Structures are given as C-alpha cells and as structure tokens.
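Here are the chains, one letter per residue:
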Amino acid sequence: MFNFRAASFKIALLASSCIATTAAAQDRQETAQDDNVIIVTGQVSTFGATKSDAPIAETPRSVTVITSDDFEDRGALSLGNTLNYTAGVTGNPFGLSTRGDFASIRSLDAPEYQDNLQVQFGFYNNARVDVYTLEQVEVLKGPASVLYGQAAPGGIVATVSKIAGPDNLDKEVLVSLGNFDRYQGSADLGFDLSGDGTLSARFVGVLRDSGTQIDFVNDDALVLAPSLTFDNGRTAITALVNYTDRSSDTASQFLPLYVTGCQSDQVSFSDPNFCFGAPSEGVETSAYVGDPEFNRYDTEAFTGSLFVTHELNAALTFEGTARYRDGEAVYQQAWASFLGDGTPRVLPDGTLIARTIFGGPASSEQFAFDARLRARFDTGIIEHEVLAGVNYQDVDTTSSNATFYGLPTSFNLFAPVYDLAGFPTQEQFEAAQIVTQNSSEATDLYVVDRMTIGNLVVDLGLRYSSVDSSDDLTDQKDSEYPITAGALYKTSFGLNPYVSYSESFRATVGTDINTGASLLPRRGEQWEIGLKYQPAGTQLYVAVAYYDLEEDNLVEFLAGGQTQPGLSIEAEGVEVEAIATMGDFTFDFDFRHQDAKEVDANGAELPRASDPDTTASLWAIWNPSSNQLDGLRLGAGVRYASQNESNGTAFLASNGFAPTANRVVTDGYTVFDALLGYQFGNGIAVSVNARNLFNKDYFATCLSRGDCFPGERRTIVGTIGLRF
C-alpha cells in the first residue's frame, strides 16, 4: 500500500544524513559500581525518554521504565497495557481499544514517541505498535517540549525498539494461545554475522490471528522487523525496517447509555430523568452495533529507521535517529447516532432511533531526524554534560471520509440483524467522501546542560521551535521558546530531594471564528517537587512527587468552527512509586491522587472527564532460588481506579427541554492479574498470564454525551517458548 519509490528516496536521504541512534535498552536491574548492589529502578536508554543515561535516582524529573520482561510478566497485550502499573498514568481510559493506544498522563493525553521521534499523528491513519517489537517503554512525566518540541504537559510515552547488536544475539521462538480465539506466533532471533560481534543482525516477527471481547472484532497482525548493526566499539550504525499490517475493527462500539449505564448499579446520574423509560434489561458489553460486512479498521505501515552513534573523542559523542514512515488505514464504522446530551439514542424496545455511517481511507507520511552532540567537560568545580541538538520533522496526513448522520434504521440491539439494511451503496459512500489534508513542518534547536557541583545536580534546558502548519483553509507559523530547569541534591544516605520547572506547547491550526485571529498554541507549564530514596547496599527505590501543572488556550469546537474562549486545564497531585526486592520476592507499588479540572474564563470548574482521581497498583513476583523450585515464576497484581465523571448540559423532554446540568458518574473498579511460569533447563519455557483474573464486569467510563465503554474482560494467554 505504501509508495516504494518515495520510500527508497527517503531511505537514501536517511543513509546520506548519517543521523541515527543505537536504541540500546537495558535490563530492569542496573548494576551499580559495587557489583553486590542492585538498583531496581530500571535504566533509561540514552535514546529513550530523557535522551540521557543519567540514573533515575539522580534526575530531577519523574521517570518510569518498564522493560519487556516487566510487561511480559504482567500479560500486556498492547502498549496501553504496559502502562497499567505506572504511577500517574491511565493506560486504558476507554477500556479495550483496537484503534490505538490512548494513554493519559497526569490527566492529559500522552503523545507517543519511538526511538526519540514522534510516531503517531492525527487519528486513524497509521498502524499501532506491537509490544513484542519493543525492548522497553519509558514514561517522562510533565512537560517535555525542550527535548521533544510539541508535546502535552502531562508527559510522553517513549518506546525503544528491539534492534541488532553484539549484546542481542539470543534467540527465541514463542507460540501463544488464549481466549477470544487468540493464536500468535512470534520470534526474536539474533545473529553474529562477523564472528566477533562487529556485524550483527536481528529479526523480530509476529503473526497473530485473534478475536476480542467484542463480537465480530478481530485483532489480527503481521509484523516483520529485521535490523542490521555495525559496531566496532567506537561507531555503531543500525538500519531497522518495520512492516506492520493489522486487520481489525473498532472495539469502541459507543454503546448507548440508555441500554448500558441505565441498567447498571455502577453508573449514576445527577438527574434521575435521564433514564426515564429505559428498558429494564441492558445489552451485553460484547454487543456489536455496526455491520461486519461494512465495518473495518485495517492499517498498514512501513518504517525505515537509521541509527548511528560515533565517539568523536573522549569528551564528545554524536548521537541521533532518523526515520521515514508511510502509513495507511481504512476505517469504516456504523454506530447509534448521537442526538444530544440526555436524549436516548435507542427506543425502549432496543431499536436505534438513527444510525451514523462514517469512514474512508486515510494516510500519513513522516520524514524526521533528531541529531545531537553530547559533550562532557569541566569548568572549575562544575562537571558538565551538554546535549545540543537539531530536530526536523515533516509530516503530511490525508483523509477521505464520508459521514451519513441520522440515517433511519430498524436495527435492534436486542435482536441484531446484520444485513446492511439502510446503508448507503458503495457508490453513494464514495461520492460523499471529502478529502482533507494537513501538513506540519518543524525545525527545532535545543540545548540542555546537566551540571554537577559536588552533590548538587542542576539541569537547564532551552529550545527554539519553528512550526509551519497548514490545513485546507489555513497556513500559519508558530515560534516557541520552551524552557526547563531542575535541581537535585544527592545526600550520603540516599535521600535525594529535587525541584523542577518545565514548559510545553503544541500548535493549533485554524482561525478563531469569534476574533478572526489565528489560533494560539496550547501552552503548558509545571512545577514539581519530590524525593527519591535509594539507600546504598539495598534493593529499594522510593519516589514521591508533587506536581502542579496547567495548560492554556484550549480550543472549543462550535457549529461554525473553532474558538479559544479562555479554557484551561489545571491538575495537581501526588504520586508514589516504590520498588523493592526482598529475598526471592520483588514488589512494585504505584499510587496517584490528583485534582484535575477544566476551568473556563469565568473561573467555573469541572472535573476532567473520564479520569479517576485516585489510582493504585501492586505487582509482586516470586522467583524462588532453591534448587527444587529453580525456574518457577509466580506473579500476582492488583489494580485500582476510583470513580470518574463526565459533565454536560442536557435538554431532557421530561424537564420541558430546559437546560439541565448532566453529570454521569462511573464507579471505580479493582481487578487482579496473575502469572504462572516455569523455565526448564533445556531452554523451554512455559507461562500462563491472566488479566482481570476474576472477570470483573465494569465500565471504564460513561460519557454525558450518551455512551459507555466497557472495561477489559478476563484474558488468559498461555505461551510456550524455546530460547537458545
């Protein structure tokens, strides 16, 4: 589906630029200078979220590392799943999703980066990442615009790809079977081509045929990710190709509140008239509202990446990463039409009042690089590590969508018949498609100086970002100068207090229909203070952080266009992260409590929709060291999320169509996960993972606009693998 000629040209540009990175991920456990001391915080990659290998305990920001061992032990089947045991992060705010990974950090949407470059743009025009191709996932919390340019102030999710290298020569072949008819084969094969590790290759592949908890919705995939690395100890050059082809449908069926939340004791309403006349029985959470002959969400992506590092001398190193990515998607879906807050979308007998038909093809094309010099030197008593870089990104997105709103239909949720009745013909559908194109070109310069003065660590950073954006109606240019500053003090007993300030921005394309002026970029800032405790000689790490962040210039969408009426997001909260190893047991505890709200120009406040105030999780794993039980792995986890709410204004017929405040509250939930695994001495390993072990039936959230999103049901996956 992608343009091979354009791809070849872009790959040639990548090669000629020699801008790249070795994405060398580390193990969950980092060995300190004393080999008898194990630090259990994980090790950030130089080309991960912080663009630095500075220890987490000595970084004046909140950072979390999740290795592939971690998310495999916890049974993660998607990128969102990998984040379920991370403080401050909601990995699956809308339950099971097949269209993408929509995590939120500190109550704001989290952009996704891979190997230092943003990997998703717009919506539904590209293939999502498969977690088996990842070495680790890193979360940098708080604004990250100095390092990454346009980003949300809550933070970013940064993934690190599996690539070839002299330390990546192991081989494994896995076969997995699970409920919902899940069948998957995967392989990770490393090869030493030169005999001395100088030239190595790696192949990572996935083939999956799977259903999901939603009727007719599959999650099939083919992923091929070969890489080749030259590494002579001073220079490392890696070429990585990733081809991903996913065939699916959307798990989000936008099930009407009238036949889900109204029948559930887990959902409550500010006005009891909201459910007036609703049927006594609701539909199953597996209900499918579209038509399997029409609905589809099929994606394909080709990515070519080049990574290079070169040690110029003992004090100066060149690093970088470059990418060409071409993605396509065909997204078609039918759902019960939204008729306004408080208005039932379905009759009491289960018949939809109206149906909306939407979809069409979309595409995205990206050419980007991030190149930098890292210098280490001293000025008097100050030790410097300076990172100076240039980042360029050119992204074009295109969509050709048709929307048929409010079509008459006889479709009944209680007795569904899938016969395409009432659907437009293919000719009508194609004739109604409207092509929209967007482009964004950004050229950025940044510098970060990490200074160490005795036990004091000071980080200072500045970025200049120039963004040219356009859509079908508007061309605009934005220039921003975000900054970051932080300080941390290393005490002799391992308790390191810190404080940091950081800023973010993201361009908004369009014209304010009320003022006629170009829309302003959304701008964010955050203050964070915290403590990181890592006593010497122990396997304990505890981090506590308090944050206060704000993002301004939010956009409100009106019938005639967009406006910026003075809306902002404010969030403050406390996060706790604790990791400890005690004998054969390892524990990972995470907690977040926050107050996040949307504030209008008059100071009126509403809680952030669909985001719980409190989340907590605990994962424990037992790896017995006794000879009789050597090779056994037992794991258990619990995840908790408090209630969330969604607010709107309804015009209920029972209230004479007068404007009525409409608050929908979805109860919180607690679910359990488990692992049973055994590693045999001959390289064969078996494991069984269960997520939502007791099959808790819950809603991730329900929205005042009139729909509910079921939570993830129990998934059980058994895997047998050969490692050699």
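Residues numbered from 1 in each chain as written. Predicted model: local features only at pLDDT ≥ 70, side-chain atom pairs only at ≥ 80, totals over all residues. Heavy atoms only, no water.

> How would you summarise the pairing of strand 35 (residues 632–641) if you had to cite specific residues and measurements?
Where strand 34 (residues 614–622) and strand 35 come together, 8 bridges link them in antiparallel fashion. When the bridges of strand 35 are listed, Ile621 appears paired with Gly635. Bridge count between strand 35 and strand 38 (residues 669–679): 10 bridges; the pairing is antiparallel. Note that in strand 38 the partner of Leu632 across the bridge is Tyr678. (Pairing = 2+ DSSP bridges. Helix = DSSP H or I, 4+ residues; strand = E, 2+ residues; numbered from the N terminus.)

> Break down the sheet that holds strand 17 (residues 267–269) for me, citing the residues and quoting the values.
Pairing is antiparallel in the open sheet, where 3 strands are placed in the order 17-37-36. Lying at the two open borders of the sheet, with one neighbouring strand each, are strand 17 and strand 36 (644–651). Mean inter-strand twist for the sheet, computed between neighbouring axes without regard to direction, equals 20 degrees. Strand direction decides the pairing type here: strand 36 and strand 37 (residues 659–666), joined by 8 bridges, are antiparallel. When the sheet's bridge partners are listed, Gly648 is paired in strand 37 with Asn662. (Axes fitted to C-alpha atoms, helices over the stretch in contact; angles between N-to-C directions.)

> So what's going on with the state of the cysteines? Which residues, and what values?
Tallied over the full model, the rule gives 2 disulfides. Residue Cys262 pairs covalently with Cys275 via a disulfide, S to S 2.0 Å. Measuring the twist about the S-S bond at about -85 degrees, one finds the Cys262-Cys275 disulfide to be left-handed. With Cys262 in the loop between strand 16 (255–256) and strand 17 and Cys275 in the loop between strand 17 and strand 18 (296–311), this pair connects stretches of sequence that are 13 residues apart. (Disulfide = S-S within 2.5 Å.)

> Go over the packing of aromatic side chains, please, and point to the residues and values.
Taken as a whole and assessed by the stated rule, the structure comprises 29 aromatic pairs. Arranged with centres 5.8 Å apart and planes meeting at 70 degrees, the rings of Tyr85 and Trp619 form a pair that is edge-to-face. Of the two residues, Tyr85 sits in the loop between helix 3 (79–82) and strand 4 (89–90) while Trp619 sits in strand 34, which places them 534 residues apart along the sequence. A relative accessible area of 3% means that Trp619 is categorised as buried. (Phe/Tyr/Trp six-rings, centres within 6.5 Å; stacked < 30°, edge-to-face > 60°. Buried < 20%, exposed > 50% of the residue type's maximum accessible area, 1.4 Å probe, protein only.)

> Provide a residue-level description of the sheet that holds strand 16, including the pertinent values.
Taking strand neighbours across the sheet as the criterion, the 3 strands line up as 16-41-40 in an open arrangement whose pairing is antiparallel. For this open sheet the edge positions go to strand 16 and strand 40 (699–703), each flanked by a neighbour on one side alone. When strand 40 meets strand 41 (residues 707–710), the two strands line up antiparallel, connected through 4 bridges. If you follow Phe699 over to strand 41, its bridge partner there is Pro710.

> Explain the pattern of salt bridges to me, and be specific about the residues and the numbers.
What the rule picks out here adds up to 36 salt bridges. With a shortest N-O distance of 3.8 Å, Arg592 and Asp611 are connected by a salt bridge. One end of the pair, Arg592, is in strand 32 (residues 585–599); the other, Asp611, is in the loop between strand 33 (605–607) and strand 34, and 19 residues separate them in sequence. Asp611 matches Arg592 in its accessibility class, with the two residues each being buried. Lys597 is paired through a salt bridge with Glu605; the nearest N and O atoms lie 3.5 Å apart. On the basis of relative accessibility, which here comes to 16%, the residue Lys597 falls in the buried class. Put simply, Lys51, Asp53, Glu319, Asp370, Arg372, Arg374, Arg376 and Glu385 are held in one network by salt bridges that share partners. (Salt bridge = Lys/Arg side-chain N within 4 Å of Asp/Glu carboxyl O.)

> Tell me about the environment of Ser45, and name the residues and values.
Considering the arrangement of structural elements, one finds Ser45 in the loop between strand 2 (38–39) and strand 3 (63–67). Sequence-wise, Ser45 and Phe589 are 544 residues apart; in three dimensions their C-alpha atoms are separated by 23 Å.

> Provide a residue-level description of unusual backbone geometry, including the pertinent values.
The phi dihedral of Asn116 is positive, around 85 degrees, even though this residue is not glycine. Here Asn116 lies in the loop between strand 7 (112–114) and strand 8 (117–118). The phi dihedral of Phe216 is positive, around 70 degrees, even though this residue is not glycine. Residue position: Phe216 is located in the loop between strand 13 (199–209) and strand 14 (219–231). Residue classification places Phe216 among the partly exposed residues on the basis of a relative accessible area of 46%.

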